[in-house]
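Architecture at a glance
Below, each chain spelled out in residue letters.
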Amino acid sequence: MEWGFSTRAQCRVATIARHISPALCSAPNPFMQMGTQAIVDGGIQIRADVRDALERGFPVVALESTIISHGMPYPQNFETAKEVESIVRDSGAVPATIAILDGAPCIGLEEAELKKLAQLGKKAIKTSRRDIAHVIAKQATGATTVSATMFFAAKVGISVFVTGGIGGVHRDGEITMDVSSDLTELGRTAVTVVCAGVKSILDIPRTLEFLETQGVTVIGYGTDEFPAFFTPRSGCKAPTRVNTAEECAAITVANMNMGLQSGILVGVPIPAHYAAAAEPVEIAIQTSLKEIKDKNITGAAVTPFVLNRVNELTGGASLSANIALIKNNARVGSEIAIATAALVEGS
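Now for a quick tour of the structure. (Residues numbered from 1 in each chain as written. Predicted model: local features only at pLDDT ≥ 70, side-chain atom pairs only at ≥ 80, totals over all residues. Heavy atoms only, no water.)

Now for the packing of helix H13 (residues 302–313) against helix H14 (residues 317–346). Orientation of H13 relative to H14, taken along the N-to-C sense of each, is 120 degrees, at an axis distance of 6 Å. Regarding the angle of H13 to H14, the classification is oblique. Residues Leu307, Val310 and Asn311 of H13 touch H14, and the partners they reach there are Ala317, Ser318 and Leu319. Taken together, the residues of the contact of H13 with H14 sort by class into 4 nonpolar, 2 polar and no charged. (Axes fitted to C-alpha atoms, helices over the stretch in contact; angles between N-to-C directions. Helix = DSSP H or I, 4+ residues; strand = E, 2+ residues; numbered from the N terminus. Parallel < 35°, antiparallel > 145°, perpendicular 65-115°, else oblique. Contact = heavy atoms within 4.5 Å. Nonpolar A, V, L, I, M, F, W, Y, C, P; charged D, E, K, R; others polar.)

The side-chain alternation of strand S6 (residues 104–107) yields two buried faces, one formed by Ala104 and Cys106 and the other by Pro105 and Ile107. Relative to S6, strand S3 (residues 44–47) runs parallel, the two sharing 2 bridges. Its bridge partner being in S6, Ile46 is matched across the sheet by Ile107. Relative to S6, strand S5 (residues 94–101) runs antiparallel, the two sharing 4 bridges. Looking at S6, one finds that Ala99 is bridged to Cys106. Hairpin connection of S5 to S6: 2 residues between the antiparallel strands, including Asp102 at a positive phi of 50 degrees. (Buried < 20%, exposed > 50% of the residue type's maximum accessible area, 1.4 Å probe, protein only. Pairing = 2+ DSSP bridges.)

With that settled, the discussion passes to the packing of aromatic side chains. This model, assessed by the stated rule, comprises 2 aromatic pairs. Note on Phe151 and Phe152: the rings are 5.2 Å apart at their centroids and 70 degrees apart in plane angle, and the pair reads as edge-to-face. Given a relative accessible area of 26%, Phe151 falls into the partly exposed group. Judged by relative accessible area, which is 3%, Phe152 ranks as buried. Ring centres 4.7 Å apart and planes at 70 degrees place the aromatic pair Phe229 and Phe230 in the edge-to-face group. Given a relative accessible area of 2%, Phe230 falls into the buried group. (Phe/Tyr/Trp six-rings, centres within 6.5 Å; stacked < 30°, edge-to-face > 60°.)

Every α-helix carries 3.6 residues per turn, so stepping three or four residues along brings you back to the same face. A rise of 1.5 Å per residue sets the reference length of H13, with its 12 residues, at 16 Å; its end C-alpha atoms lie 16 Å apart and thus fit the reference within 8%. All buried positions along H13 are accounted for by Val302, Thr303, Pro304, Phe305, Val306, Leu307, Arg309 and Val310. Looking one or two residues past H13, Gly315 carries a phi angle of roughly 65 degrees, positive in sign. (Expected span 1.5 Å × (residues − 1).)

Following this line, the structure appears as structure tokens:
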């Protein structure tokens, strides 16, 4: 699709940006040129092509960085990050991987920065909303989780964000109160998050209940059943179903126009060809959960440990599935971003 620029489109993008982040748009001219980057209020650096796309109302897709540093080993993480960005570009949108590098929040990374983050791996700080101020103050490098990526995406006016899966209510969460900040962020940040559903190591029914309480629109993309990351089947009905990117874009724009200030969660089933069979993955999950209790692993270390163990116990099948679903989500998310931009320009 050929993307033109018009005063009407500029006004609509500005309106949507105000819905997403009123504080950012209060400045008369938030963008200042600085080499190949741009700086906005708060010291956020935006890669030049991302900045240009946002100013012109072109589709931009936010991507998280924890999946690079903590989600898979090097060099698969680096290769996957490059491939996902290429999928977004080839689809007609602009990728914007988000991370904090040496204390500077960055919207859009250069290839060398992606590689550095991939090589750092778990030495990079896993950064949720809670950790943002600390990582910036320490001038450290942080890989953003879903909640932190949503925060920064909304702050600069990116309305669509692609990831693998989101966090949720942990098993036995009614006892431990271990609930991911991804869920509360979805309840207060107007970004459409495209994922393969809730990670199957979590309590999916309670997660969906929590999302309902937070006022989050939950969508099954081409399915009536909410997907469960490694498998398209969770046994839980998706509250809403859409079959096209255009339908999803219409919901995204309506959410913005109403100023609901809550996010949208789009669950995209993993392609059947790559889906790890549900039964062996579930057995591996149960085994890893028992190991967590035996080894007293808690907090942010739980998910990486479980995913690594599931990968080991399933002979690498879960890692292959993980990479496949991320790429599939990138294609779908790009289509949604493009459809959203078209609706904004045409309104």
